[in-house]
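# Architecture at a glance
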Amino acid sequence: MEALNLALFVVEAVAYFTLMVMLLHFRHRLGLGVFLTALGVMHFMETYLAAVFYVSLPFGDVSPGSSVFFSGKLMMILMLYLQEDAATVRQPIYGLFFGNLLTVGIAWVLQLHHPLEISPDHTPDVDFLKEMGWLMVWGTALLYVDSLGIILLYEKLGDFFRRRVVLRFMICGFALLTFDQIGFFAALHYFLDVPVAAFWGGWKAKMFAVCLYAVMFAIYEYRIRRVGSAASARSISDVFGDLTFRERYNDLLERTGRDMLTGVYDRTRMELEAPLMLNEASRQGLFATVLIIDADHFKDVNDGYGHLQGDEVLKAIAARLGTTLRSSDRIFRFGGEEFVAVCPGTNHEEGLLLAERLRWTIATSVQTPDDKPVTVSIGIATADEDGTSFTTVLSVADGRLYEAKKSGRNCIVGRSGVVKLS
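Nothing here was measured: the structure is a model prediction, and the numbers come from that model.

Criteria and thresholds
- Residue numbers here run from 1 along each chain, matching the order of that chain's written sequence.
- Confidence filtering applies because this is a predicted model: local features only for residues at pLDDT of at least 70, side-chain atom pairs given and counted only at 80 or more, and all residues used for totals across whole chains, interfaces and linings.
- Note: side-chain values were computed over all heavy atoms of the structure, leaving out hydrogens and water.
- The way it works is that DSSP assigns letters per residue, a run of H or I at least four long becomes a helix, a run of E at least two long becomes a strand, and they are numbered from the N terminus.
- The cut-offs for exposure are 20% and 50% of the maximum accessible area for each residue type, with area from a 1.4 Å probe on protein chains only; residues under the lower value are buried, those over the upper are exposed, and the others partly exposed.
- Whether two residues are in contact is decided by their heavy atoms: any pair within 4.5 Å suffices.
- Each accessible area value is a Shrake-Rupley result obtained with a 1.4 Å probe; residue values ignore everything except the protein chains displayed when judging cover.
- Working convention: axes come from line fits to C-alpha atoms, limited for helices to the stretch in contact. Angles between N-to-C directions cover 0 to 180 degrees.
- Oblique is the label for any angle not covered by the other classes, which are roughly parallel (under 35 degrees), roughly antiparallel (over 145) and roughly perpendicular (65 to 115).
- By definition, any crossing whose near helix is turned counterclockwise from its far helix by less than a right angle is left-handed, and any crossing with a clockwise turn is right-handed.
- As a working rule, the residues Ala, Val, Leu, Ile, Met, Phe, Trp, Tyr, Cys and Pro are called nonpolar, Asp, Glu, Lys and Arg charged, and the rest polar, with Gly in that last group.
- Here a salt bridge means any side-chain nitrogen of Lys or Arg lying within 4 Å of a carboxyl oxygen belonging to Asp or Glu.
- The span you would expect from a helix comes to 1.5 Å times its residue count less one.
- What we call the bend at a residue is the angle made by axes fitted to the seven residues finishing there and the seven residues starting there.
- A strand pair is defined by DSSP finding two or more bridges across the two strands.
- UniProt positions are given in the numbering used here, feature names are shortened, and annotations may be inferred rather than shown by experiment.
- Buried Ala, Val, Leu, Ile, Met, Phe, Trp, Tyr and Cys residues form a nonpolar core when they are joined through side-chain atoms within 4.5 Å.

### What to know about the overall build of the chain
Each helix and strand counted, the chain has 15 helices and eight strands in total. For the chain, the proportion of its 422 residues judged to be buried stands at 46%. Long-range pairs, those at least 24 residues apart, make up 69% of the contacts in the chain with a sequence separation of at least 6. Total accessible area on the chain stands at roughly 20900 Å², and carbon and sulfur atoms take up 62% of it.

### Describing the packing of helix α13 (residues 307-324) against helix α14 (residues 348-365)
Axis separation between α13 and α14 bottoms out at 10 Å; the angle between their running directions is 140 degrees. When the axes of α13 and α14 are compared, the pair comes out oblique. You can see that α13 and α14 cross each other, and the crossing is right-handed. Each of Ile317, Arg320, Leu321 and Thr324 in α13 lies in contact with α14, whose residues at this interface are Leu354, Arg357, Leu358, Thr361, Ile362 and Ser365. Looking at the contact of α13 with α14 residue by residue, the classes come out as five nonpolar, three polar and two charged.

### Examining unusual backbone geometry
Omega for the peptide link from Ala383 to Asp384 comes to 10 degrees, which places this bond in the cis form. For Asp384, the location among the structural elements is in the loop between β6 (376-383) and α15 (390-406). Here the phi dihedral of His297 falls at roughly 50 degrees; this positive angle occurs in a residue that is not glycine. A positive phi angle, near 70 degrees, is found at Arg409, a position not held by glycine. Counting through the fold element by element, Arg409 comes out in the loop between α15 and β7 (411-414).

### Some words on the pattern of salt bridges
Taken as a whole and assessed by the stated rule, the structure comprises 16 salt bridges. As a salt-bridge pair, Asp329 and Arg326 come within 2.8 Å of each other at their nearest N and O atoms. Look at Arg326 and you get partly exposed, because its relative accessible area is 39%. Here Glu385 makes a salt bridge to Arg415, at a shortest N to O gap of 2.6 Å. Here Arg415 lies in the loop between β7 and β8 (417-421) and Glu385 lies in the loop between β6 and α15, a separation of 30 residues in the sequence. According to the relative accessible area criterion, Arg415 is partly exposed, its value standing at 36%. Members of the salt-bridge network, linked through shared partners, are Glu385, Asp386, Arg400 and Arg415.

### A closer look at helix α3 (residues 32-52)
Across its 21 residues, α3 extends 32 Å between first and last C-alpha, which sits within 8% of the 30 Å expected from 1.5 Å per residue. Where α3 bends most, the angle comes to about 30 degrees, and this point is His43. Of all the residues in α3, the buried ones are Phe35, Leu36, Ala38, Leu39, Met42, His43, Glu46, Thr47, Leu49, Ala50 and Ala51.

### Here's the deal with the pairing of strand β4 (residues 330-335)
In this structure, β4 lies alongside strand β5 (residues 338-344), joined through five bridges in antiparallel fashion. Note that in β5 the partner of Arg333 across the bridge is Phe339. If you look at the hairpin formed by β4 and β5, you'll find two residues sitting between the two strands, and Gly336 has a positive phi there, around 60 degrees.

### Regarding the UniProt feature "transmembrane region" (unreviewed entry) in the chain
The residues that UniProt annotates with the feature "transmembrane region" (unreviewed entry) are residues 6-26, 33-56, 62-81, 93-112, 132-154, 166-192 and 198-220. End C-alpha atoms of residues 6-26 are separated by 30 Å, and the span's content is 95% helix alongside 0% strand. Secondary structure across residues 198-220 comprises 100% helix and 0% strand; the distance between its end C-alpha atoms is 32 Å.

### Side note on the pairing of β6
Burial analysis of β6 places eight of its eight residues in the buried class, the great majority of the element. The alternating pattern of β6 places Val376, Ile378, Ile380 and Thr382 on one face and Ser377, Gly379, Ala381 and Ala383 on the opposite face, and all of these are buried. Bridge analysis of strand β3 (residues 288-295) against β6 gives eight bridges, and the strand direction is antiparallel. Counterpart to Ile293 in the pairing with β6 is Ile378.

### What to know about the nonpolar core
Taken as a class, soluble globular proteins show a tendency for nonpolar side chains to be buried jointly. The biggest cluster of nonpolar side chains holds 54 residues, and the ones touching the most others in it are Phe35, Met76, Met79 and Tyr213. Of all the elements in the fold, those that place two or more residues in this core are α1 (2-25), α3, β1 (55-57), α4 (64-83), α5 (86-110), α6 (126-157), α7 (165-192) and α8 (197-229). Tallying contributions element by element places α4 first for this core, with twelve residues. Discounting residues that sit within four places of it in the chain, Phe35 has contacts with Met20, Leu23, Leu24, Met76 and Leu80.

If you want it as structure tokens, here you go:
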């Protein structure tokens, strides 16, 4: 009997995933509403089955409603996010939550009626409706947390497994469905006195379901979405090396606002990001230091060797800045031969040491075509000692850069004046 139930468990998971993924795949033809409606109408059955319908599997006593259908719904929400966005994902969850609240409210009102017994074998059970309504509200609240968590975890795992989409999909399912099993079983145990033994059987079944869904997700990525949309023959490693829709969007966003010549962020991006970086540092009680770096006598390079050679010098300077600064710092091209570095979590003294390292690195590694060293002058200012807004701090740093130029260039000027002069 357990073997038969397990076979039916697998069939249910495959059927659910196949139908839902096809609705998702053809959403541009059928409309996204078809997918979202199909996702929503399953919610009552999932909750009902999780409350009263259990079968015996090798894992223990398991409800298909929770292990197959709810697990599948959460993984479908992650797939929807990968191909759409978080705003779209929130829509069905909001709808379920408010719809279930309405169910509970109506159940309370119905209790005020005195219903007729039309058939002796079908007596209305309003208490059951109310009880199920509260379970559905609790389940939907958990689903909302699950959906936020699975998206955030998926994005965080991208820092470690950026191109291993299926692995991230599986890890997210394991983690969030474990959390959900704890949360939803607590309600089942409280409202319906479901035995604790069912917790472990349900958890094992959910982990097994995640494995099934991950395999089907991999098949979908390779055989349908990728190969189906591009007929070129590619190896499976190449296919899984592709970025998801969400990651391609983020990759495009990352490239937006880049300076075409040097590859660093441009002035428009600076005006958007730098104030936010200073505000966030201030919120955390940290300093943030701003450096303005200017290539010395750069006009002489352009005039003496041509603009193409001048461009190569600028690219070399940008490259040295990028390798010397930390990953949390941002480097922007301010204009011409000037660059701005924003360094959160860096006080003024640390900023001076960083500036000296930048000045020395460029002076010893960047040269003109006739092997003369290229030097830079740097002005430094720190929030909130030199101001609280980015505009104010940048203005102070710009004034100190002007002092560095007047002091003979190839030097650093901070709050105490010229710090280094060669």
